[in-house]
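In case you want the letters, here they are:
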Amino acid sequence: MKRTLLILVSVLLPISMFAQSLTLQDIYIRDPFILVDDGTYYLYASSSVDGKGGVAVYTSKDLKSWTDRTQVMTLPDGNWSQGGIWAPEVHKYKGKYYLFATVNEPTKWKMSKEDWPDYIYRATQIFCSKSPMGPFVPTSVFPQTPIDYMALDGTLFVEDNEPYMVFCHEWVQTVDGTVEFVKLDKKLSKAVTDPVRMFYGSTCPVAEPDNVNYVTDGCFMYRTKTGKLLMIWASFGPDGYAECIAESLTGRLAGPWRQQSEPLFKQDGGHAMIFKDLEGKLRLVLHSPNGGGLERAKLFTLEDTGDTLRIVE
């Protein structure tokens, strides 16, 4: 028996040694999101299975060496859509883990400009699990963004112990994209208020129109060490995909909101989020470049000045 155990250990040990063999440069990913939980980093990514949209996760202990992907959610039968997933992110809330994901529906909508092509409908849907490793199941079989909106990139924000979803009302429907929010019920299963507009994409000083439209993309909330409420969000500027910073003049979700003059990042990278690493450093992750199949997660160290955020490393 002892000999059998020794043989098993000798066989399994090399496998375990190679379990964490990926670097971020090995992983194609757009819209990266990293959850830090119980000493582990979880990097979530889109991952379809047999034509159904889904989400996978890579894990790491040091942000350098990553395990290969594990599927944590596949859209179930009976869901409002089985289409592809964009921009998954996971938030821990009241002891559970909530996955926010943009779900694409093959139904095509006619957009606001007569000469524009039809676009695939999409909306943000929320899923829940007891573990960051899933399995995640829908809190509702319907999306939580307004049904008549072309919406994407929903994120969780908690204010006065109440859950809200901040999301982008997409430029393909509005021409000048917006960022808006709705209040959610306690189970994060449905919106309980009408959407409130926070700002237009054209208000960002570095944003430039693509023909006539202004993109709003990848919103993420952050409160500074002095209590200022910021939002980082992505659009397009002179040097490509860029990360803008908006600030609430009241420190509240309802704003009013003002765009800061300097972008956080402007060298063709964006859809970022912020987290604290296991050493307590403030970190930013985004994808760059923004196309060509070359997209990778890029990590930066941030400085919180109290008034704004700056990349320092």
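To be clear, the structure that these remarks concern was listed above.
Here goes a summary of the coordinates provided. (Residues numbered from 1 in each chain as written. Predicted model: local features only at pLDDT ≥ 70, side-chain atom pairs only at ≥ 80, totals over all residues. Heavy atoms only, no water.)

## Describing the side chain of asparagine 290
Thought 1: By secondary structure assignment, the location of asparagine 290 is in the loop between β20 (282-288) and β21 (296-304).
Thought 2: Classification of asparagine 290 by relative accessible area gives buried; the value is 17%.
Thought 3: Polar contacts involving the side chain of asparagine 290 include one to the side chain of arginine 30, which spans 2.9 Å.
Thought 4: If sequence neighbours within four positions are ignored, asparagine 290 has contacts with Arg30, Phe236, Tyr241, Asp268 and Glu295. (Helix = DSSP H or I, 4+ residues; strand = E, 2+ residues; numbered from the N terminus. Buried < 20%, exposed > 50% of the residue type's maximum accessible area, 1.4 Å probe, protein only. Polar contact = N/O pair within 3.5 Å; in protein donor to acceptor, adjacent residues only side chain to side chain. Contact = heavy atoms within 4.5 Å.)

## Remarks on the side chain of asparagine 213
Thought 1: Relative to the helices and strands, asparagine 213 resides in the loop between β14 (196-200) and β15 (217-223).
Thought 2: Given the relative accessible area of 5%, asparagine 213 is considered buried.
Thought 3: If we ignore the near neighbours within four places in the chain, the residues touching asparagine 213 are Trp116, Trp171, Val175 and Glu208.

## Re the environment of lysine 94
Thought 1: Its place among the elements puts lysine 94 in the loop between β7 (85-93) and β8 (96-109).
Thought 2: Note on lysine 94: relative accessible area 64%, which makes it exposed.
Thought 3: In this structure, the C-alpha to C-alpha distance between lysine 94 and lysine 186, residues 92 residues apart in sequence, is 9.9 Å.

## Details of the packing of aromatic side chains
Thought 1: Under the definition given, this model contains 10 aromatic pairs.
Thought 2: Judged by centre distance (5.8 Å) and plane angle (80 degrees), the rings of tryptophan 80 and tyrosine 121 are edge-to-face. Here tryptophan 80 is found in the loop between β6 (70-74) and β7, whereas its partner tyrosine 121 is found in strand β9 (residues 119-129), with 41 residues between them in sequence. Tyrosine 121 shares its class with tryptophan 80; the two are buried. (Phe/Tyr/Trp six-rings, centres within 6.5 Å; stacked < 30°, edge-to-face > 60°.)

## As for the pairing of strand β12 (residues 162-169)
Thought 1: In terms of burial, β12 is a largely internal element, 7 of the 8 residues being buried.
Thought 2: In terms of strand pairing, strand β11 (residues 151-159) meets β12 through 7 bridges, oriented antiparallel. Directly across from phenylalanine 157, in β12, lies its bridge partner tyrosine 164.
Thought 3: Linking two consecutive strands that pair antiparallel, namely β11 and β12, is a turn of 2 residues; a positive phi of about 55 degrees is found at aspartate 160 within it.
Thought 4: Pairing of β12 with strand β13 (residues 178-183) involves 6 bridges; the strand directions are antiparallel. Residue phenylalanine 167 lies in a different strand from β13, and its bridge partner there is glutamate 180. (Pairing = 2+ DSSP bridges.)

## Notes on unusual backbone geometry
Thought 1: In this structure, proline 256 follows glycine 255 across a cis peptide bond, with omega equal to 15 degrees.
Thought 2: On the secondary structure map, proline 256 appears in the loop between β17 (240-248) and β18 (257-259).
Thought 3: With an omega of -5 degrees, the peptide bond running from serine 288 to proline 289 counts as cis.
Thought 4: If you trace the backbone, proline 289 turns up in the loop between β20 and β21.
Thought 5: Notably, asparagine 161 is not glycine yet its phi reads approximately 65 degrees, a positive angle.
Thought 6: Locating asparagine 161 in the fold gives a position in the loop between β11 and β12.

This is a description of form; function is not addressed.
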